[in-house]
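Residue-level listing of the chains:
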Amino acid sequence: MNQYSKRMVIVHWLTLALLVIAYFLGDSLDEARHEGGVTTLAYLVHSLVGAAVLLLVALRLNFRRVDGTPPPLGDALMDRVAIGVHYLLYVVLVMLPVSGVALVLSSGVGKAVLSGDASLLPAKYTGVSSLPHNVHELLVSVLMLLVALHVLGALKHQFLMKDGLIARMSLKRNS
Ligand code: HEM
Ligand code: HEM
C-alpha cells in the first residue's frame, strides 16, 4: 500500500472544502453580529457545515481503521512530527465543532435559530457562553496554525524532497 484509500482521499479534500466554507461563514457571522444585519439562516448554515465536518471526521477515523495508512516516507524524526500534527488535527477537527455546538446550546443562538427570530441573537457572548465562544475562537487559530505546518510539510516533500508525497492523497492510483 503506497496511497491512502479512495474514500480517505475524498474525505480529506471534502473536509478541506467544508473548513474553508465554515471559516468564512463563521468570520462573516462575527462581523455581522458587530455591525448588524446578521440572519439566523447564516447561523444555521454555519452550524450545519460545521456539523458535517464532525460527521466526516467520525467516518474518516473509521475508514482509517479499516483501510489502514501507507507507511511513512521521510526520515524518522520528521515522520514523528508529521504524525503528531495529524493527531492534533484530528483532535481539533472534533473539538472545534463540539465547541460550536456548546456555544449554540449555551447562548441565545439555539433559540434564535429554532424560532427564526434574529432579535434573540446575542449581541455579546457573556456568562456561560463566553467559555465555548473563547474556546471556539482559540481552536480556529490552532487549526490554522496546524494546517499551515501540515501544508508546509507537504510542500517540502513535494518540491524539496521530490518524493511525490501529495500523490499519496490523490484519487489517481499509482498501480
Ligand atoms: C469545524 C468547523 C467550524 C469552523 C472552521 C468554524 C469557524 C468559526 C469561525 C471562524 C467563527 C468566528 C469566530 C470569531 O472570530 O468570533 C465561528 C463562530 C461561530 N461558530 Fe463556528 N466553526 C465551526 C463549527 C461550528 C459548529 C458545528 C457550530 C454549531 C453547531 C458553530 C457555531 C458557531 C457560532 C454560534 C459562532 C459565533 C458567531 C458569532 O460571532 O456570533 N461553529 N466559527
Ligand atoms: C492544501 C491543503 C492540504 C494539503 C496539500 C494536504 C496534503 C496532505 C497529504 C499529502 C497527506 C498524506 C501524508 C502522508 O502520506 O503521510 C495528508 C494527510 C493528512 N491531512 Fe492533509 N493536506 C491539506 C489540508 C488538510 C487539512 C485542511 C486538514 C485538516 C484540517 C488535513 C488533515 C490531514 C490529516 C489528518 C492527514 C493524515 C491522514 C491519516 O493518516 O489519517 N489536511 N494531507
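Residues numbered from 1 in each chain as written. Chains lettered and ligands numbered in written order. Predicted model: local features only at pLDDT ≥ 70, side-chain atom pairs only at ≥ 80, totals over all residues. Heavy atoms only, no water.

Asks: Pulling in residues and values, what's your account of the coordination of the iron atom of ligand 2?
Replies: Summarising the metal site, the iron atom of ligand 2 is bound by the protein donors His-12 (NE2) and His-150 (NE2), whose distances to it range over 2.0 Å. Bound by six donor atoms, the iron atom of ligand 2 shows angles of 88 to 179° at the metal and therefore octahedral coordination geometry. Here His-150 lies in helix 5 (residues 130–161) and His-12 lies in helix 1 (residues 6–35), a separation of 138 residues in the sequence. By relative accessible area, His-12 is classed as buried at 14%. (Donors = N, O, S within 2.8 Å, 3.2 Å for Na, K, Ca; no water. Tetrahedral: all angles 85-135°; square planar, octahedral: opposite > 155°, others 65-115°. Helix = DSSP H or I, 4+ residues; strand = E, 2+ residues; numbered from the N terminus. Buried < 20%, exposed > 50% of the residue type's maximum accessible area, 1.4 Å probe, protein only.)

Asks: Tell me about the packing of helix 1 against helix 5, residues and numbers included.
Replies: Where helix 1 meets helix 5, the closest approach of the two axes is 12 Å, and the angle between their N-to-C directions is 140°. Judged on the interaxial angle alone, helix 5 and helix 1 are oblique. Crossing handedness for the pair helix 1 and helix 5: left-handed. Each of His-12, Leu-19, Tyr-23 and Arg-33 in helix 1 lies in contact with helix 5, whose residues at this interface are His-133, Val-140, Leu-143, Met-144 and His-150. The residue inventory of the contact of helix 1 with helix 5, partitioned by class, reads five nonpolar, three polar and one charged. (Axes fitted to C-alpha atoms, helices over the stretch in contact; angles between N-to-C directions. Parallel < 35°, antiparallel > 145°, perpendicular 65-115°, else oblique. Left-handed = near helix turned anticlockwise from the far one by under 90°. Contact = heavy atoms within 4.5 Å. Nonpolar A, V, L, I, M, F, W, Y, C, P; charged D, E, K, R; others polar.)

Asks: Talk me through the side chain of Thr-40; I want residue IDs and the actual numbers.
Replies: Within the secondary structure, Thr-40 sits in helix 2 (residues 40–67). You can call Thr-40 buried: its relative accessible area is 13%. Aside from chain neighbours lying at most four places away, what touches Thr-40 is Ala-112, Val-113, Gly-116, Asp-117, Ala-118 and Leu-121.

Asks: Tell me about the coordination of the iron atom of ligand 1, and please be specific about residues and values.
Replies: Coordination of the iron atom of ligand 1 by the protein is provided by His-46 (NE2) and His-136 (NE2), with metal-donor distances spanning 2.0 Å. Because the angles between the six donor atoms bound to the iron atom of ligand 1 fall within 87 to 179°, the donor set is best described as octahedral. Of the two residues, His-46 sits in helix 2 while His-136 sits in helix 5, which places them 90 residues apart along the sequence.

Asks: Can you break down the site of ligand 2 residue by residue, with the values?
Replies: Around ligand 2 lies a shell of 21 residues, among which His-12, Arg-64, Tyr-90, His-150 and Arg-168 are the nearest. With respect to ligand 2, the side chain of Arg-168 contributes an N or O atom lying 2.5 Å from an oxygen atom. At the level of secondary structure, the elements contributing two or more residues to the shell around ligand 2 comprise helix 1, helix 2, helix 3 (76–106) and helix 5. Element by element, the count of residues in the shell around ligand 2 is highest for helix 1, at five residues. Grouping the constituent residues of the shell around ligand 2 by class yields 14 nonpolar, four polar and three charged. (Near = heavy atom within 4 Å. Polar contact = N/O pair within 3.5 Å; in protein donor to acceptor, adjacent residues only side chain to side chain.)

Just geometry here; none of it tells us what the structure is for.
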